[in-house]
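Topology and contacts: notes
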Protein chains: 2
Amino acid sequence: MTADHLENRRQEIVRAALRCFAREGFHATSVRDVVRESGLSAGAVYSYFPSKAELVAGAVEPILEALTGVLDAVVVDTDRSPEPGRTPAEAVAEVLRRIYPLAVGGEVDYTRVAVTAWAEGLRDPAVRAIAEQTYGTVRGRLTDRVATWRDAGHLAADVDAEALGQVLFSTLVGFVLQHALLGDVDLDRYATAVCLLLPRP
Amino acid sequence: MTADHLENRRQEIVRAALRCFAREGFHATSVRDVVRESGLSAGAVYSYFPSKAELVAGAVEPILEALTGVLDAVVVDTDRSPEPGRTPAEAVAEVLRRIYPLAVGGEVDYTRVAVTAWAEGLRDPAVRAIAEQTYGTVRGRLTDRVATWRDAGHLAADVDAEALGQVLFSTLVGFVLQHALLGDVDLDRYATAVCLLLPRP
DNA sequence: CCCGTCAAGACGGACGACCGTTCTCTAATG
DNA sequence: CATTAGAGAACGGTCGTCCGTCTTGACGGG
């Protein structure tokens, strides 16, 4: 088996699994469901993933990687600009606008997978590790932006950048939750509202 | 069986179930687990709850009711004051401060149950209905506060109150998620940071 | 050029464990 | 004695996983 073939099959299976997970969550989808959705056999799936838990981890990881990717792209764009023209809140809004089409534009709604991944992270150490690492990175970037913004004199010198980074992070995950669970949030209106936070003095 | 006895037993079972759910989530806790935790028998549990799904719903409902209760209390307090002295962000911070001891001060960490309830709401219509109703109410209250604040001239007249209400709601659920999943948020620092979001002009 | 060989990928039924739920029996109460 | 809450074994079904069987396609000897 060539390495290419192995990787292709793995991705095929992961995509089938994600369709199932988005529909029913991790626990309510059986391995049989994934097998059926993938068009393969149980034996075939188990020759690419040693257990259901590994399949879950394999499905969660690329989603969170995409999030850090987008965030880094926005930060890089910002760093390139001559001066920090965006407030930290505007940076968050930009991240939202960029990640939205990736999250809900495809065949699966990744916001639904994200919410089930949060729940799974509470008990599965592997998922938790992925979440801690990724979300830690994302939040750290936001904290850095806040600190820079504060040190440029736009916020009081004693502002707690880390806590404010946590709050801005909340506006990201809060959008994900409301989109997945309540389904009544509009990206543009939400992003616009985010930009009202931490206004320039 | 007296109505008192029935209600006491039901609450006993619900509390045992919540301990299990906070540990492992809904799907990973079996009815046997709840039976063991409650010290009763399977037959007894099933004579108070017709199914596991009802048990889940019975566990989720009082948690969300507590949330709306606290929110209403804060809104009432605010309405009593001679003028709206609190910004909408400060109202959110106050809700956080009041609900925190209820959520994590007892024998179970309700933020963990909340996160698993979100995931369950994606697929269980009964849980979803409870979440939609409660969170809809909470968000509506926040939207009202924003609209009042805007109409008092503290925000531009064309501000989208509903969207800003959604953003403020995100800071609530975002705290819950970060507390449950990452465990590294400090209530006081977070609440203080929330207050910075919408400063008085 | 054709056919026999062989290895590897895929298949899908089988397995034990455990699931949610039910039902009969027991014990204690008033 | 009548009634009923509670106990816990038992049931059919489904779970995750494994493994024996089969298909397929590349390759080399005649």
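Residues numbered from 1 in each chain as written. Chains lettered and ligands numbered in written order. Predicted model: local features only at pLDDT ≥ 70, side-chain atom pairs only at ≥ 80, totals over all residues. Heavy atoms only, no water.

1. Quick word on the nonpolar core
Formed by 143 residues in total, the largest nonpolar core has its most connected members in A:Trp118 and B:Trp118. Setting aside residues no more than four positions away along its own chain, B:Trp118 makes contact with A:Val115, A:Trp118, A:Leu177, A:Leu181, B:Tyr135, B:Val173, B:Val176 and B:Leu177. (Core = buried A, V, L, I, M, F, W, Y, C linked by side-chain atoms within 4.5 Å. Buried < 20%, exposed > 50% of the residue type's maximum accessible area, 1.4 Å probe, protein only. Contact = heavy atoms within 4.5 Å.)

2. Structural notes on the relation of the copies chain B and chain A
Once chain B has been moved 0.0 Å along the axis and rotated by 180°, it coincides with chain A to within an RMSD of 0.1 Å. Both copies are brought into coincidence by an operation consistent with a two-fold rotation axis. Taking C-alpha positions as the reference, the residue of chain B nearest the rotation axis is B:Leu197, at 2.3 Å. Mapped onto chain A, 100% of the interface residues of chain B again fall at the interface, so both copies present the same surface. (Least-squares fit on C-alpha atoms with pLDDT ≥ 70 in both.)

3. Topic: the protein's contact with DNA strand D
Lining the immediate surroundings of DNA strand D are 19 residues, of which A:Val31, A:Tyr46, A:Lys52, B:Arg9 and B:Tyr48 lie closest. Each atom of DNA strand D within 4 Å of the protein was classed as base or backbone; sugar and phosphate made up 61%. One of the side-chain N or O atoms of A:Tyr46 is found 2.4 Å from a phosphate oxygen in DNA strand D. Elements represented by at least two residues in the surface near DNA strand D include exactly helix 2 (31-38) and helix 3 (42-48) of chain A together with helix 1 (3-28) and helix 3 (42-48) of chain B. (Near = heavy atom within 4 Å. Polar contact = N/O pair within 3.5 Å; in protein donor to acceptor, adjacent residues only side chain to side chain. Helix = DSSP H or I, 4+ residues; strand = E, 2+ residues; numbered from the N terminus.)

4. A short note on the UniProt feature "DNA-binding region" (unreviewed entry) in chain A
Within the UniProt annotation, "DNA-binding region" (unreviewed entry) is assigned to residues 30-49 of chain A. Along residues 30-49 of chain A one finds 75% helix and 0% strand; the C-alpha atoms at either end are 14 Å apart. (UniProt positions renumbered as here; feature names shortened; annotations may be inferred.)

5. Observations concerning helix 6 (residues 110-121) of chain B
All names here are of chain B. In this model helix 6 runs 16 Å from its N-terminal to its C-terminal C-alpha over twelve residues, within 8% of the 16 Å that 1.5 Å per residue would give. For helix 6, the tally of buried residues reaches eleven of twelve residues, placing the bulk of the element in the interior. Those residues of helix 6 not exposed but buried are Thr111, Arg112, Val113, Ala114, Val115, Thr116, Ala117, Trp118, Ala119, Glu120 and Gly121. (Expected span 1.5 Å × (residues − 1).)

6. A word on the interface of chain B and chain A
On the side of chain A, 45 residues touch chain B, which itself brings 45 residues to the contact. It is B:Leu122, B:Leu181 and B:Leu197 that lose the most area in chain B upon contact with chain A, and together they represent 17% of the buried surface on that side. There are eight salt bridges connecting chain B and chain A. Residue B:Glu162 is joined to A:Arg189 by a salt bridge in which the shortest nitrogen-to-oxygen separation is 3.1 Å. Counting every contact that joins chain B to chain A gives 21 residue pairs in polar contact (both at pLDDT 80 or more). Looking at the side of chain B that touches chain A element by element, the count peaks at 16 residues for helix 8 (residues 161-182) of chain B. For the side of chain B that touches chain A, a count of residues per class yields 26 nonpolar, eight polar and eleven charged. (Buried area = accessible area lost by both parts, 1.4 Å probe. Salt bridge = Lys/Arg side-chain N within 4 Å of Asp/Glu carboxyl O. Nonpolar A, V, L, I, M, F, W, Y, C, P; charged D, E, K, R; others polar.)

7. Brief notes about the side chain of B:Thr134
Residue and element names in this part refer to chain B. As for its placement among the helices and strands, threonine 134 is situated in helix 7 (residues 125-154). Residue threonine 134 is classed as buried on the basis of its relative accessible area, which comes to 7%. Sequence-distant contacts of threonine 134, that is, excluding residues within four places in its chain, are made with Leu64 and Thr68.

8. As for the pattern of salt bridges
Applying the stated rule across the entire model yields 34 salt bridges over all chains. Here A:Arg200 ties to A:Glu90 by a salt bridge, and the two come within 3.7 Å at their closest N and O atoms. A residue pair is termed long-range when its members are at least 10 positions apart, and A:Arg200 in the segment after helix 9 (187-194) and A:Glu90 in helix 5 (residues 88-104) qualify at 110 residues. For A:Arg200, a relative accessible area of 44% corresponds to the partly exposed category. Measuring nitrogen to oxygen at the nearest pair gives 2.5 Å for the salt bridge that ties A:Arg139 to B:Asp184. Of this pair, A:Arg139 sits in helix 7 (residues 125-154) while B:Asp184 sits in the loop between helix 8 and helix 9 (187-195), placing the two residues on different chains.

9. Thoughts on the packing of aromatic side chains
Enumeration according to the criterion identifies nine aromatic pairs over all chains in this entry. On the basis of an interplanar angle of 70° and a centroid distance of 6.2 Å, the ring pair of A:Trp118 and B:Trp118 is categorised as edge-to-face. Of this pair, A:Trp118 sits in helix 6 (residues 110-121) while B:Trp118 sits in helix 6, each in a different chain. As far as burial versus exposure is concerned, A:Trp118 and B:Trp118 are alike and both buried. Summarising the aromatic geometry, the rings of B:Phe21 and B:Phe26 are spaced 4.7 Å apart at their centres and angled 85° between planes, so their arrangement reads as edge-to-face. B:Phe21 sits in the buried class, given a relative accessible area of 1%. (Phe/Tyr/Trp six-rings, centres within 6.5 Å; stacked < 30°, edge-to-face > 60°.)

10. Quick notes on unusual backbone geometry
Residue and element names in this part refer to chain A. Phi is positive for leucine 198, which is not a glycine, with a value near 50°. Here leucine 198 lies in the segment after helix 9. Overall, the relative accessible area of 2% leaves leucine 198 in the buried class.

11. Some remarks on the packing of helix 6 of chain A against helix 6 of chain B
The geometry of helix 6 of chain A relative to helix 6 of chain B is characterised by a closest axis approach of 8 Å and an angle of 145° between their N-to-C directions. Here helix 6 of chain A runs over helix 6 of chain B; the crossing is left-handed. Along its contact with helix 6 of chain A, which presents A:Val115, A:Thr116, A:Trp118 and A:Ala119, the element helix 6 of chain B presents B:Val115, B:Thr116, B:Trp118 and B:Ala119. Looking at side-chain class alone, the contact of helix 6 of chain A with helix 6 of chain B contains six nonpolar, two polar and no charged residues. (Axes fitted to C-alpha atoms, helices over the stretch in contact; angles between N-to-C directions. Left-handed = near helix turned anticlockwise from the far one by under 90°.)

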